[in-house]
Amino acid sequence: MNFPMAFYDKSPKYSKNQLGSLHYGTAGFRTRAENLGHVAYRVGIIAALRSRVRNGQAIGVMITASHNPEDDNGIKIVDPMGEMLEGAWETYATDMVNTPDASLEQFLQRVIATHQVNLKAKSLVFLGWDTRPSSLSLSIATSDGVESMGGKLNSIGLTSTPIIHFLVMCWNTNEEYGRANEAGYYSKLSSAFNHVHNVDEPKKLYTPEISVDCANGVGALVLKKMIHFLQELQSSSSPNKKSLKINLFNDLVFVKDVLNNECGADFVKVQQKIPIMKKKDGSSLHVIPNARYASVDGDADRIIYYYVDDSGIFHLLDGDRIAILVAGYLKELIKKTGINIQVGLVQTAYANGSSTKYAIEKLNIPVAWTLTGVKHLHHKAKEFDIGVYFEANGHGTVLFNSRTVEHLTKLLVDERNGLSEDQKANLKKLLVVRDVINETVGDAIADLLLVEAILYDSDWNIQQWLNLYDDLPNRQLKVSLQDCSVVKTEGADVKCIAPAGLQQKINSLVKNYPSGRAFIRPSGTENFVRIYAEADSQKNADSLAAEVAQAVHSLAGSVGDLYEHPL
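Thresholds applied
Residues numbered from 1 in each chain as written. Predicted model: local features only at pLDDT ≥ 70, side-chain atom pairs only at ≥ 80, totals over all residues. Heavy atoms only, no water. Pairing = 2+ DSSP bridges. Helix = DSSP H or I, 4+ residues; strand = E, 2+ residues; numbered from the N terminus. Expected span 1.5 Å × (residues − 1). Buried < 20%, exposed > 50% of the residue type's maximum accessible area, 1.4 Å probe, protein only. Polar contact = N/O pair within 3.5 Å; in protein donor to acceptor, adjacent residues only side chain to side chain. Core = buried A, V, L, I, M, F, W, Y, C linked by side-chain atoms within 4.5 Å. Contact = heavy atoms within 4.5 Å. Axes fitted to C-alpha atoms, helices over the stretch in contact; angles between N-to-C directions. Left-handed = near helix turned anticlockwise from the far one by under 90°. Nonpolar A, V, L, I, M, F, W, Y, C, P; charged D, E, K, R; others polar.

Visitor: So what exactly am I meant to see when it comes to the pairing of strand β17 (residues 495-498) here?
Guide: Consecutive side chains along a regular strand alternate between the two faces of the sheet. For strand β16 (residues 488-490) and β17, the ladder comprises three bridges, and the chain directions are antiparallel. In the sheet register, T489 faces β17, and the bridge partner there is C496. As consecutive antiparallel partners, β16 and β17 are separated by four residues, and within that stretch G491 has a phi angle of approximately 65°, a positive value.

Structure below.
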């Protein structure tokens, strides 16, 4: 089997380093940036091969470490419908990255033979990267990998992770989902938002202004472009209309050592406080009581809302609350259409128990639980007519089943549909709202527009949103183990089946606390166990978590300190 000459020319430049093995997970490969050169090169190779296996469909590659510190980086692959990489190819990627240089060609030959890959067939890879100083050099390595297999590269450049997912989906649906360029992304989302967020007259409670913490990352660049598209649309359609005002802070995109530093969605969620608030000129902003704020992360796929009340108390509206807001709005909108469609909510065990209870008891919406990781939630959400999923960290989206979309579209054009004018108007709105959403992946910018459209259409302020339910206080801890593999779980990670007696002990502890719930989950890459506990008060949640940590310490062979907070 003859590889392209480029493979033999380029491969010696990307010799495998001698560090420990890497594993392809939900976030792809992620580690210190200086260790990723050969990884990026080999990911380019595997992406080019994956495209050929999928009959020349576009594959995406994104270079980012999301909410991690600036000196980290990562790289992940996007499959043809904008979804996460198929599991079997995660294994190929892991094995390939850890294969010694001398065995690389032999490894590739086995993959090619297994899938009967034609190296002369078409191959296309969309490539994007975030603002980290290391991202450009890693993009060159990835490009070399694609070219070493004779693949064609579509280099998008600096962009957000969700845009890469979106573009891959658009290309592979022959642009049925949207135009396969960045302008197509901004145009589709801004146009749909402009139809829903049609502020022809002031609302009583909703104020069309929000301030966004851009984590000093690529989200700042994306938001500035989105603001431009929104302004252009609004000025052309209704010059006198008051549009949504989006104020940006922490948008120092190319300043060293500020990316995700004391800011961004992950910081706000974990620390439960306002981030550093810096303007472009470096001066600080002051928090305005009761004003809406949001934080995105370094690659703009997560979003968290929050505000500070008149007493200076911080209030967080995380992914659980976004999910409840979106699911409830869609259910009500569907009710107005008179059409029988099921909305479902997908959560992990980390979802606050109050959000689950509200969805089931107040919204009458079915809730499904999955393993932690967006690829699990995304897959489960496909089972509903309309599936809503958000992790508590703010990463999530909404999926409209293809059969549901086809059914709704046919109803809209069928003159014999039997719908009243109000029902048809709400059906049109439902389909427009769908276009505000990036269905391929969690997208902080699309989710921002979706939340703002819902708050506007509902005429709600942020306090009304918060008052839907009260979160149960919770606590997360970590316990280091001699060997993490001794802990095994099942049932979406909420039931511990080993070591013997540990789940029974957890059950007995939970019974001592009102509204108590607790579970443990072993890390997939390191020797520690994560502990989650919630109860009716913060004191009880802290106490329950500590007692579960003691049980793990006693029964699972922990090392070092009893536990630590997972900051």
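Following the structure, the description resumes.
Visitor: Is there a simple way to think about helix α10 (residues 319-337) in this case?
Guide: Along an α-helix, residues three or four apart share an orientation, since each turn contains 3.6 residues. Between its first and last C-alpha, α10 extends 27 Å over 19 residues, near the 27 Å set by a 1.5 Å rise per residue. Extensive coverage of α10 is indicated by the burial of 15 of its 19 residues. By the N-cap criterion, in which a side-chain oxygen at the helix start approaches the backbone nitrogen of a residue two or three places on, α10 is capped by D318, the distance to D320 being 3.1 Å. Positive backbone phi, approximately 75°, marks G338, located one or two places after α10.

Visitor: Looking at this model, I keep getting lost on the nonpolar core. Mind explaining?
Guide: Within the largest apolar cluster, 89 residues are counted, with the highest numbers of intra-cluster contacts made by Y185, Y305, L330, V388, V398, L448 and W465. If one sorts the elements of this core by residue count, helix α15 (residues 444-458) sits on top with eleven residues. Apart from the residues within four sequence positions on either side, Y185 is in contact with I163, F166, R179, V222, M226, N438, D443, I445 and A446. Counting residues in each nonpolar core, the second largest holds 41 residues, with F7, V43, I46 and W89 among its members.

Visitor: I would appreciate a short explanation of the packing of α10 against helix α14 (residues 421-436) in the present structure.
Guide: The angle between the axes and the distance between the axes are what describe a pair of packed helices. Relative orientation of the contacting elements α10 and α14 amounts to 145°, with a least axis distance of 7 Å. Where α10 crosses over α14, the handedness of that crossing is left-handed. Residues Y329, L330, L333, I334, K336 and T337 of α10 touch α14, and the partners they reach there are Q423, N426, L427, K429, L430 and V433. Class assignment of the residues belonging to the contact of α10 with α14 gives a composition of seven nonpolar, three polar and two charged.

Visitor: Could you clarify how one ought to interpret the sheet that holds strand β14 (residues 396-400) in this entry?
Guide: Consider a sheet: its strands pair through backbone hydrogen bonds, and that pairing is either parallel or antiparallel. With respect to topology, four strands assemble into an open sheet ordered β12-β11-β13-β14, the strand pairing being mixed. The open sheet has two free edges, formed respectively by β12 (367-369) and β14, since each of these has just one partner strand. The average undirected angle you get between the axes of adjacent strands in this sheet is 20°. Direction of pairing for strand β11 (residues 343-347) relative to β12: parallel, over a ladder of three bridges. Within β12, the residue paired with V346 across the bridge is A368.

Visitor: Help me understand the sheet that holds strand β5 (residues 152-158) in this model?
Guide: Pairing within the open sheet is mixed, and its five strands lie in the order β1-β3-β2-β4-β5. Strands at the two margins of the open sheet, each flanked by one partner only, are β1 (29-32) and β5. With direction set aside, neighbouring strand axes in the sheet form an average angle of 15°. Pairing analysis gives six bridges linking strand β4 (residues 124-129) to β5, with the strands arranged parallel. Each bridged residue has a counterpart across the sheet, and for W129 the counterpart in β5 is L158.

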